[in-house]
Amino acid sequence: MSRFDDNILPPSVLIFDWHGTLVDTHDAMFSAMEEMLPQLEELGLVEQLLPEDQCRTEDDARLVRYIRIYRRLHPRILAERRVSRTDIFNAIFGENKAPKLIAHKAYNQAYRKYFGQVKPFQPGAYEYLSALKALGIKLAVCTNRNREFLDRELQIVDEGRWLHLFDATVCADDVTEYKPDPEVILKALEKLSIQTDEHAWYIGDSYVDMLTADHAGVAGVFYNGACWEPDRISSWFTKRDAPTAVLDSFEDLMDLLALLEREHSEAFVASPAEVRPKPFPAPERPEPRIEPDWHPAVVKLIRPAVILFDWHATLVDTLDAMYHAVDDMLPDFHKLGLMDRMVAPEDSKTPEDARLVAYVREFAKLHPKVKADRKISRTDIFEVLFGEDQDAKQIAHKAFNHHYRNHYGTVKAFEPRVREMLEGLRKLGIQVGVITNRDREFFEHELAAVEDTGWTHLFDVNVCGDDTPLRKPHPDQLLLAVQKLDYPPDPSVWYVGDSTTDIIAAKRAGMTAVFFNGAQWDLPWLNRIFPGTHKHPDKPDVVVNDFSEFWALVLACEVGPP
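Draft legend 1. View of the packing of helix 6 (residues 125-134) against helix 11 (residues 250-263). Between helix 6 and helix 11, whose axes approach to 10 Å, the crossing angle comes to 20°. Comparing their axes, helix 11 and helix 6 come out roughly parallel. The two elements helix 6 and helix 11 meet at a crossing, and its hand is left-handed. Residue-level contacts link Tyr 128, Ala 131 and Leu 132 of helix 6 to Phe 250, Glu 251, Leu 253, Met 254 and Leu 257 of helix 11. Looking at the contact of helix 6 with helix 11 residue by residue, the classes come out as seven nonpolar, no polar and one charged.

What follows is the structure, given as structure tokens:
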């Protein structure tokens, strides 16, 4: 048992959250979320995302940034599977009820395709719930799930054995507001004719659940089935809305009830010792996500005299315009004679690359997963499709530019404090530049438009895709940049970019290659795209996940240029 308030009262009713507390519906939930999030733009919700400086925690701010750019869940959330859609919507929309209502509705539409994948959250859940009934405690469920889903899942879970266990259930469509509004709890107490006080416990697995309990005036009991660290849980709450108890398992719950019986001998109709089942194992902690091992904490680099940055998906976000242009361009491949110039499957770097080539060749459009992931640039796409065929890539870039003219113009900083980071580098005496495969007509417009005031004054040099005969991954653009600065191409020049083509260009130019992992690839995936083989030898010197890590890395480099 983790901890509980000394003044906790014995329960007359236990009201449970559903997902993440009593049952595991993660497979269905995350499938629905991954289908729903790419719709944010058409739902008009991108502009409704909470500004990062208004987010409750740093984790929430990073989640907002990731969803704004990639329209999908952060890979760590998908790997650890510890948070609910309600937590996610509250993190990204805050107190704004209107967009949350739209998001829940879109989620429900997607969830209809997946629900039914349900199992008890921990072993012995039925036995523990039956023991609680035997104690004479009323049992209820309050959930943000719609009635159609809860009723069906109750019929399915544990082969229907749970149907008789609950004295009341309240769903999102039984009330007018979603949690953290207390209406779901108050409605359950009304159904049971039980007064609202701290003899009513609401047991849930999230910050939102505890906030709901606090708003309702009942005891909030945090069920730590996700095995969060104690300090992490404490950091979420103020003294006012902190849970009355934190329990790691149903065994902990039975222990707490047995303890309360000693002080309140008439609290239950039976003794917890008499009705409790044999112990069942507590939930196991999710496997941690494997982070990249090219980490700033372990690498030793030469302090930079020059730092060159990629533009798109590194310093700025122009993904919407880019993917719209690629969508428009790919059907032109037939008349441009590019379909027959794509690489053979056996020449692809990875099986995923081979599948992308096959899909574009057959359907003349991007695979839906590539569009949903929003993680690779048009340059990477052309490298995958055409390999070393420079002429084919030039034709493709020209076709892209034709369509990009219809979409470009909207450009946002990739992170909120990119400008401050660039200004900080200049104050350190570091020369700063941009290298982009974007043509100059587009880049200069975007450079002047970003953050309304533009960033033109922040760079000592810039080189665009049409400034040299060959674009990245060839090193020509990087070499031209240092030539303009009258500085040699050596490891004291860092090139920071988000793609394999950026890393290849940096290594071929003899510079330090910094992979900006804004897409949050995990280690297994990074090892696949940077295999270090004879055919694909180029690997980054360091990987940074955001610009706070990058800034710390710059400050940590004590050795100057050779």
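Draft legend 2. Examining unusual backbone geometry more closely. Here the bond from Lys 179 into Pro 180 is cis, since omega is 15°, no more than 30 degrees from zero. One can find Pro 180 in the loop between strand 6 (168-170) and helix 8 (183-192). Not every positive phi belongs to a glycine, and Glu 159 is a case in point at roughly 55°. Mapped onto the elements, Glu 159 comes out in the loop between helix 7 (147-156) and strand 6. In this model, Asp 486 sits at a positive phi of 55°, which is unusual for a non-glycine residue. Summarising the element assignment, Asp 486 is placed in the loop between helix 21 (476-484) and strand 15 (493-497). For Asp 486, a relative accessible area of 71% gives the class exposed.

Draft legend 3. Molecular detail of the pairing of strand 2 (residues 13-16). Neither face of strand 2 is open: one carries Val 13 and Ile 15, the other Leu 14 and Phe 16, and all of them are buried. Bridge analysis of strand 2 against strand 5 (residues 138-142) gives four bridges, and the strand direction is parallel. Paired with Leu 14 across the strands is Leu 139, a residue of strand 5. In this structure, strand 2 lies alongside strand 7 (residues 200-204), joined through four bridges in parallel fashion.

Draft legend 4. Layout of helix 6. Within helix 6 the residues assigned to the buried category are Ala 125, Tyr 126, Tyr 128, Leu 129, Ala 131 and Leu 132. Once helix 6 finishes, Gly 136 follows within two positions and takes phi at roughly 85°, a positive value.

Draft legend 5. Representation of the layout of surface pockets. In this structure, the largest pocket occupies an estimated 1,400 Å³ of space. Around the largest pocket, the lining is made up of 47 residues, and of these Thr 350, Asp 353, Val 384, Trp 525 and Ile 529 lie nearest the centre. Secondary-structure elements contributing two or more residues to the lining of the largest pocket are helix 3 (75-80), helix 15 (351-363), helix 16 (368-373), helix 17 (378-386), helix 22 (500-508) and helix 23 (523-529). Among the elements that line the lining of the largest pocket, the one with the most residues is helix 16, at five residues. Grouping the constituent residues of the lining of the largest pocket by class yields 19 nonpolar, nine polar and 19 charged. Computed from the structure, the second largest pocket encloses a volume of approximately 1,100 Å³. Mapped by element, the contributors of at least two residues to the lining of the second largest pocket are helix 2 (58-70), helix 3, helix 4 (85-93), helix 9 (207-216) and helix 10 (230-236).

Scoring rules and cut-offs
Residues numbered from 1 in each chain as written. Predicted model: local features only at pLDDT ≥ 70, side-chain atom pairs only at ≥ 80, totals over all residues. Heavy atoms only, no water. Axes fitted to C-alpha atoms, helices over the stretch in contact; angles between N-to-C directions. Helix = DSSP H or I, 4+ residues; strand = E, 2+ residues; numbered from the N terminus. Parallel < 35°, antiparallel > 145°, perpendicular 65-115°, else oblique. Left-handed = near helix turned anticlockwise from the far one by under 90°. Contact = heavy atoms within 4.5 Å. Nonpolar A, V, L, I, M, F, W, Y, C, P; charged D, E, K, R; others polar. Buried < 20%, exposed > 50% of the residue type's maximum accessible area, 1.4 Å probe, protein only. Pairing = 2+ DSSP bridges. 1 Å grid on protein atoms, 1.4 Å probe; cavity = no way out; pocket = protein on both sides within 12 Å on 5 of 7 lines; lining within 4 Å. Points joined across faces, edges and corners; volume = space filled by probe spheres on them.

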